[in-house]
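Listed here are the chains, written in short residue letters.
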Amino acid sequence: MAVEELQCIIKRCQILEEQDFKEEDFGLFQLAGQRCIDEGHIDQLLEIIQNEKNKVIVKNMGWNLVGPVVRSLLSNEKEDDKRKCHFLLLDLLVKLCNPKELLLGLLELIEEPSGKQISQIILLLLQPLQTVIQKLRNNKAYSVGLALSTLWSQLALLPVPYSKEQIQADDYGLCQCCKALIEFTKPFVEHVIDNKENSVENEKLKDEILKFCLKSLKCPLLTAQFLEQSEEAGDDPLKCFASEIIGFLSAIGYPFPKMIFNHGRKKKTWDYLEFEEEEDKQLSDSMASLAYLVFVQGISIDQLPMVLSPSYLLQFNMGHIEVLLQRTEESVFSKGLDLLENGLLRIEDNSLLHQYLEIKSFLTVPQGLVKVMTLCPIETLRKKGLAVLQLYIDKLDPQGKYILFRCLLNTSNHSGVEAFIIQNIKNQIDMSLKKTHNKWFTGPQLISLLDLVLFLPEGAETDLLQNSDRIMASLNLLRYLVIKDNEKDNQTGLWTELEKIENNFLKPLHTGLNMSKAHYEAEIKNSQEVQKSKDHCSLNIGREEIPNMPPEMVLHSALFTFDLIESVLARVEELIETKTKSTSEENGIK
């Protein structure tokens, strides 16, 4: 019945001129053809399509059947023979129909699905889509750009696999699509390469390929996790995709050194206004992804000029590192850690000049590391952030270390981070006293730094429990200074400033300890009286929660911390008294 109905429509249209076809004819043709497909009359439909007498009708109306054929292929498990007939019908339609109408129809089909069907329809239609675009005579660049944009928008909806197992399973087909998309794009890249005359159309095609490559660097490559380099690169489809994308950029005249060295400069890399606007809004992520792929994954790194110094490479990568560290996805900011570590390991200790800290990113990047250290929920990444920050400190020259310490003490707002910085200050003072004299960690410069360390932010009212890490580190530093620096030598300037330290730090600390201990002792007494033994609360130690602690135990833990601070404070004051008494006696003998 459906076949007869279709033949009837065709007979009526055969006597009409092409320009006389009506909208009603298109609709009837589509409905009858779809019924033929639904009812399994593929062989008869093939005969109709192949009939030379129907050539004009098929050219104008046949594209309406592509959707039904594709949906039928996706929706049903068919026998091999029937699937072959469906594919043959699809190939015929692609060959015979109006390519402009086909292009729009294929792109609409690609935009329809969701979930796992996205990759299925992309893999099914990429080859037909490529054929259709190559048949177009005009506006090929626009058509390529429209197709690549549509394909990328759909790929961006697919979850990116992270582990080796997920990559190998490729449940959503992203890896397969990336591989197929490279094959889809290659002929158009080759077209740009082969046409050296730089015609307007060729330049437009180059720009469309460039846009696609930049989008691909951002998604999926920015969040993609790559297999360990010890494993064969050929086993990692996403790394292969990244390598091909970078290869495309180089082939169309945008080798990666040109891209990442020029990004962010006043002189724009691009020749068109839309790219200048795009650069400020969208390109930062793409350029950061490119820098990571080159320097950490080693893709096309042989294109890098060998004359560039490690410090220069770090300088232009710092902007990209800053971009990566600002992102909240662990898969992205972990790349920032890797890229920074990669750059720092090329530099000798104490050789990174302090003048680099005049560049904004050289101070914002360590602040980004602090956020990773304090806010990231994954312990391995927190530890990695700490290790990279220490590496960064080690590479700076003495004045650079001094500037960075001041910056982080003023901005970190985290007792543990401040304790880490204070320990580093102690290490630098120790090196200055034992090995090479360093004006930045002795005398007036050091005193200025100690003003940020040996004080309580809110005086006696400071929350000692919240600031216990910082206070203990400060007391240990002060104890070290008293032991190592004699009042007579006064290399550090400590003894000149002792009265100020006592007034700003030691005395308020005494008062604060007395107030805090009295408060917590009163709370313990109150807790015992009320007997809330069944109520529990939690305590965080080193960012790890110790659950279900009775309130009284939490209070006793706080008192233990105060006792510990008090014992170190007493030892410091004892050492100060001993040193000053000894100096007074020596002066008396003289």
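Computed from a prediction, not measured in an experiment: that's the story for all the values here.

(A) Structural context of the overall build of the protein. If you tally the helices and strands in the protein, you get 26 helices and two strands. Considering the protein as a whole, with its 590 residues, one finds that 48% of them fall into the buried category. Of the contacts formed within the protein by residues at least 6 apart in sequence, a portion of 73% connects residues at least 24 apart. Surface exposure of the protein reaches about 29,800 Å², of which carbon and sulfur atoms provide 49%.

(B) Geometry of the packing of aromatic side chains. Counted under the stated rule, the structure contains eight aromatic pairs. Here Phe-184 and Phe-188 contribute two aromatic rings whose centre-to-centre distance is 5.6 Å and whose plane-to-plane angle is 65°, an arrangement assigned as edge-to-face. Of this pair, Phe-184 and Phe-188 both sit in helix 11 (residues 174–194), four residues apart, which is roughly one turn of that helix. Side by side, Phe-184 and Phe-188 carry an identical accessibility label, which is buried.

(C) View of the packing of helix 17 (residues 310–326) against helix 18 (residues 330–344). Where helix 17 meets helix 18, the closest approach of the two axes is 8 Å, and the angle between their N-to-C directions is 160°. The angle between helix 17 and helix 18 falls in the class roughly antiparallel. In this structure, helix 17 crosses over helix 18, and the sense of that crossing is left-handed. Contacts between helix 17 and helix 18 involve Leu-314, Asn-317, Met-318, His-320, Ile-321, Leu-324 and Leu-325 on the former and, on the latter, Val-332, Phe-333, Lys-335, Gly-336, Leu-337, Leu-339, Leu-340, Gly-343 and Leu-344. Residue composition of the contact of helix 17 with helix 18, by class: eleven nonpolar, four polar and one charged.

(D) Structural context of the environment of Tyr-480. In this structure, Tyr-480 sits in helix 24 (residues 468–484). C-alpha separation for the pair Tyr-480 and Lys-426, spaced 54 residues apart in sequence, amounts to 8.0 Å. Beyond its immediate stretch of four places on either side in the chain, Tyr-480 contacts Lys-426, Ile-429, Asp-430 and Leu-433.

(E) Local environment of the nonpolar core. Residues Leu-129, Phe-184, Ile-425 and Leu-509 are the most contacted members of the largest nonpolar core, which totals 175 residues. Ignoring anything within four residues of it in the chain, the contact list for Phe-184 reads Leu-126, Leu-129, Gln-130, Ile-133, Ala-147, Leu-148 and Leu-151.

(F) Broad picture of helix 17. With 17 residues, helix 17 should reach 24 Å at 1.5 Å per residue; the first-to-last C-alpha distance of 24 Å fits that figure. Taken together, the buried positions of helix 17 are occupied by Leu-313, Leu-314, Phe-316, Asn-317, Met-318, His-320, Ile-321, Glu-322, Val-323, Leu-324 and Leu-325.

(G) The confidence of the model for the protein, seen in detail. With 84% of its residues at a pLDDT of 70 or more, the protein shows a mean pLDDT of 86. Ignoring residues within four places in sequence, the model shows residues 266–273, a span with pLDDT below 50, making 21 contacts including any to other chains.

(H) Inspection of the side chain of Asp-236 at higher detail. As for its placement among the helices and strands, Asp-236 is situated in the loop between helix 12 (200–218) and helix 13 (237–251). The buried charged residue Asp-236 lacks any salt bridge partner; its closest oppositely charged side chain belongs to Lys-239, at an N-O distance of 6.3 Å. A distance of 3.2 Å separates a polar side-chain atom of Asp-236 from the backbone nitrogen of Leu-238.

(I) Region of the structure containing the pattern of salt bridges. Within this structure, the stated rule accounts for 18 salt bridges. Residues Lys-384 and Asp-338 are paired through a salt bridge, measuring 2.7 Å at the closest nitrogen-oxygen approach. Placement of the pair is Lys-384 in helix 20 (residues 379–395) and Asp-338 in helix 18, with a sequence separation of 46 residues. For Asp-563, the salt bridge is made with Lys-517, and the minimal N-O distance between the two is 3.3 Å. Placement of Asp-563 in helix 26 (residues 551–589) and of Lys-517 in helix 25 (residues 498–530) is noted, with a sequence separation of 46 residues between them. By relative accessible area, which is 16% here, Lys-517 ends up buried. Each member of the salt-bridge network shares a partner with another, and the members are Lys-218, Asp-285, Arg-327 and Glu-329.

(J) Molecular detail of the packing of helix 11 against helix 12. Running from N to C, helix 11 and helix 12 cross one another at 150°; their axes reach a closest spacing of 9 Å. Taken together, the axis directions place helix 11 and helix 12 in an arrangement best described as roughly antiparallel. Seen along the crossing, helix 11 lies across helix 12 with a hand that is left-handed. For the pair formed by helix 11 and helix 12, the contact residues are Leu-181, Thr-185, Phe-188, Val-189, His-191 and Val-192 on the first element and Asn-202, Leu-205, Lys-206, Ile-209 and Phe-212 on the second.

(K) Inspection of the environment of Leu-325 at higher detail. Of note, Leu-325 is situated in helix 17. Among the residues examined, Leu-325 registers a relative accessible area of 10% and is labelled buried. When the C-alpha positions of Leu-325 and Lys-335 are compared, they lie 8.1 Å apart, and in sequence the two are ten residues distant. Beyond its immediate chain neighbours, meaning those up to four positions away, Leu-325 contacts Phe-333, Gly-336, Leu-337, Val-365, Gly-368, Leu-369 and Val-372.

(L) View of the side chain of Asp-397. Relative to the assigned elements, Asp-397 resides in the loop between helix 20 and helix 21 (398–411). Within the buried core, Asp-397 has no salt-bridge partner, and the shortest N-O distance to an opposite charge, that of Lys-401, equals 6.8 Å. From its side chain, Asp-397 meets the backbone nitrogen of His-354 in a polar contact 2.9 Å long. In this structure, Asp-397 is in contact with Asn-350, Leu-352, Leu-353 and His-354, ignoring residues within four places of it in sequence.

(M) Layout of unusual backbone geometry. A cis amide bond links Cys-219 to the next residue, Pro-220, at an omega of 15°. Mapped onto the elements, Pro-220 comes out in the loop between helix 12 and helix 13. Although it is not a glycine, Asp-170 adopts a positive phi angle of roughly 45°. Inspection of the secondary structure puts Asp-170 in the loop between helix 10 (164–169) and helix 11. With a phi angle near 50°, Asn-413 is a residue other than glycine that sits in the positive phi range. Turning to its location among the elements, Asn-413 is positioned in the loop between helix 21 and helix 22 (415–434).

Conventions we followed
- Residues numbered from 1 in each chain as written.
- Predicted model: local features only at pLDDT ≥ 70, side-chain atom pairs only at ≥ 80, totals over all residues.
- Heavy atoms only, no water.
- Helix = DSSP H or I, 4+ residues; strand = E, 2+ residues; numbered from the N terminus.
- Buried < 20%, exposed > 50% of the residue type's maximum accessible area, 1.4 Å probe, protein only.
- Contact = heavy atoms within 4.5 Å.
- Areas by Shrake-Rupley, 256 points an atom, 1.4 Å probe, with all protein chains shown as cover.
- Phe/Tyr/Trp six-rings, centres within 6.5 Å; stacked < 30°, edge-to-face > 60°.
- Axes fitted to C-alpha atoms, helices over the stretch in contact; angles between N-to-C directions.
- Parallel < 35°, antiparallel > 145°, perpendicular 65-115°, else oblique.
- Left-handed = near helix turned anticlockwise from the far one by under 90°.
- Nonpolar A, V, L, I, M, F, W, Y, C, P; charged D, E, K, R; others polar.
- Core = buried A, V, L, I, M, F, W, Y, C linked by side-chain atoms within 4.5 Å.
- Expected span 1.5 Å × (residues − 1).
- pLDDT = per-residue confidence, 0-100.
- Lys, Arg positive; Asp, Glu negative; His and termini not counted.
- Salt bridge = Lys/Arg side-chain N within 4 Å of Asp/Glu carboxyl O.
- Polar contact = N/O pair within 3.5 Å; in protein donor to acceptor, adjacent residues only side chain to side chain.

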